[in-house]
Each structure stands twice: as C-alpha cells, then as structure tokens.
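Structure assessment
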Amino acid sequence: MSTIDRSRTAVAPTPTRATSTASSKSPVSEAQNTLSGGSRILEMGKDVFQATHLAEIKKLFGGDTKPDRTHDGQFVGAKGQTFPPGTPLKDIPGVTPANNPNPSKTILYVNGILTPLATQQHEMQAVADKSGARVVGIHNATQGAVADLAQCLGDKLDKGKNPAVDTLADTVYDELKAGREVHLMGYSQGGLITARALNDVQRRLRVEDGMSAAQVEKLMGKLSVETFGAASTRYPDGPKYVHYINNADLVPTLTGLGGSFDPLAFAKDAGKGAVVHRFTDGGLNPVANHMLDTLYLKHRVSFDDARAGRF
C-alpha cells in the first residue's frame, strides 16, 4: 500500500532561492520520510496482528469463556438445557438416539477440555446415536487452553476444586447407595475427571460408610465405565472398565494409559479386570486423531461385546 501525503498540492510550488532544481528534498528530509514510512508500516502491522489474533489470544486465556463457566458442573439435557447439581437423573430430559426416542439405558457423559456447552451437546447426540442410549451430560466448562490444562494437572494430583468432579462423584455415590447401576463415559479430560470422581466415591464409602475394601469394590461393580482418549493413568478397582486408546493420539499415549508400546506401563493401572482396546487410526493431524465423534466412536462396540473382547 502506498501512502499519500495530504500536505502536497497538485500545483508545483514556485522555486525559491533555498530550493534546488535538481532535487527538491535534502538527504535529511529523505531520511525523515523513510523513518516515517517505516513507522507507519509497523503501525499497520500491529493493527493487522491485533485484528486477526487478539480474539485467539483471548480464547487461549479464557477471555470469552465466562458464559460457559456459569454451567460448570451442571447437568446437561436435551436441547442444551442445564440443571443444577443434585437434580435427580430421572428428572433430566436426556439426549436420545435419532431413531429411538425412548431408550431403556442411560449414559452419564463428561466432556474434555476446550468444549463449550454447544459442542458437548453435539458430542452427546453422537454418543446417543452410537450407543442407542439416553445421554445425560455433566458439563466440564472451558476457561481457555491455559486454565483447562492447569485444571488437568490439578485433577491428576487430586488438587483444587473441579465442579464436574464434585457433581459426578455425588451422583455416583447417591446412585450406588440407592442400589442402582450407573453407566459412565468420559472423553479426554472427562476420563480424568471420571477417575478422580471414582476415587472420591471409593474414599467416601470407606470413610463415611465404614465399608471394607472388599465391600467397596463389590458395590462399585455396579458401575460400567468407558473412556475414550482419556488423560488418566490410574483407575480404582471395582467398576467394569473399557478404555479406548488410539496409538496415533498423543493425549492417552503421553498422559494416559499409554499406547501399544509404553515403557512406563508398570506405573499405570487401568483398574482390575479392565479391557484396554488399543488401535491405530489417523494421520498427521493430532487434533483429528483425538476427536470423539469422527474417530473414537467409530471404533466403539457395545459394552458387552467390548468386555468380551469382540471389537
């Protein structure tokens, strides 16, 4: 882009004694103009950077996530409706399969990082269509990439408050105490949240209810748990587990139970009797290799088939 000097007129000025006919500008004025033009270019570059990247930087640090945070730890039902923690599961209109408005089974689903409510709703529909079950979500709100990753670290260390962990732990505890079976599904950080919540339930049954380790393990056997690309390395004994891990997915291979080759496998625990289904799918795009709806769910089979190793 060329700049226009608005101080110049269309009519050439009459030369004066101080003006040379060979050159109307001195070396000093040429240097000043060069510096001025460079300054303008830098200013335009800054404007372009701000216009194109400021929004992304805000997202990185959670600048536009305040509306989503109001739903943190809430139940999510059909049409994106949210319900406060403690709402009975029977009172939440879940997302149902497109071809079956009255499924007999219910899945509690926890999403991963960087997932606003609308995206979780899309994932819930994909889960419902694939599983044939009614799906109720527990929302793991996003606060931007930096905060979400920091929260993952806290979940791994069992430090800090995570509303999604609290809601899931309370719900599982109440359902188990009522004698009901529960089917859980966690994706990415949602798998980490699930593991942390199950550990909370285990401790609560031991401390508050005075149950023995054997009794706790037996009661938690009422839980069916599926994880997809999860970021947890350890799960408590008792629940019936199926873990799906894509060898091309960096999240579970680096931060979770590991891929088919894992020198740190000795330090990890998928839970007693767990089925870990490892497969390789995807290309060079690490995001695509981690997607729930377009990658992991196409490898999912029914829970009974998975537990029997029929993939």
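Computed from a prediction, not measured in an experiment: that's the story for all the values here. The residue numbers shown here count from 1 along each chain, following its written sequence. With pLDDT at 70 or above as the cut-off, local features in this predicted model cover only qualifying residues; side-chain atom pairs require 80 or more to be listed or tallied, and sums for whole chains, interfaces and linings still use all residues. Heavy atoms throughout the structure, all of them, feed into the side-chain values; hydrogens and water do not.

1. Considerations on the nonpolar core
- Put simply, buried Ala, Val, Leu, Ile, Met, Phe, Trp, Tyr and Cys residues joined by side-chain atoms within 4.5 Å make one nonpolar core. Relative accessibility thresholds used throughout: buried, under 20% of the residue-type maximum; exposed, over 50%; partly exposed, between the two (1.4 Å probe, protein chains only). Judged by nonpolar contacts, the single largest core of 35 residues is most densely connected at Leu108 and Leu168.
- In DSSP terms, a helix is any run of H or I states spanning at least four residues, a strand is any run of E spanning at least two, and both are numbered starting from the N terminus. When contributions to this core are tallied by element, the ones reaching two or more residues are strand E3 (106-110), strand E4 (134-138), helix H5 (163-177), strand E5 (182-187), helix H6 (189-207), helix H7 (213-219), strand E6 (223-228) and strand E7 (240-246).
- Tallying contributions element by element places H5 first for this core, with seven residues.
- In terms of nonpolar packing, the next biggest core, distinct from the first, is built from 25 residues, Val95, Phe279, Leu292 and Leu295 among them.

2. Brief notes about the sheet that holds E4
- At least two DSSP bridges between two strands are required for those strands to pair. Taken in spatial order, the eight strands line up as E2-E1-E4-E3-E5-E6-E7-E8 in an open sheet, and their pairing is mixed. Looking along the sheet, the strands with just one partner apiece sit at the ends: strand E2 (82-83) and strand E8 (275-279).
- Bridging between E3 and E5 involves three bridges; their strand directions are parallel. Following the sheet pairing, leucine 108 is matched in E5 by leucine 184.
- Contacts: residue pairs with any heavy atoms within 4.5 Å of one another. Angles here are taken between N-to-C directions and fall from 0 to 180 degrees, while the axes themselves are lines fitted to C-alpha atoms, restricted in helices to the stretch in contact. Contacts from helix H3 (residues 117-131) reach strand E1 (75-76), E2, E3, E4 and E5 within the one sheet, and its direction differs from that of E4 by about 150°.
- Those strands touched by helix H9 (residues 292-299) are E3, E5, E6, E7 and E8, and its axis lies near 125° from that of E7.

3. A few points about the pattern of salt bridges
- The salt bridge criterion pairs a side-chain nitrogen of Lys or Arg with a carboxyl oxygen of Asp or Glu, the two atoms within 4 Å. Following the criterion strictly, the structure yields 16 salt bridges and no others.
- Note that arginine 310 is salt-bridged to aspartate 305, the shortest N-O span being 2.8 Å.
- Its relative accessible area of 27% is what places aspartate 305 among the partly exposed residues.
- Shared partners join several salt bridges into a network, and the residues in it are Asp155, Asp158, Arg196, Asp200 and Arg203.

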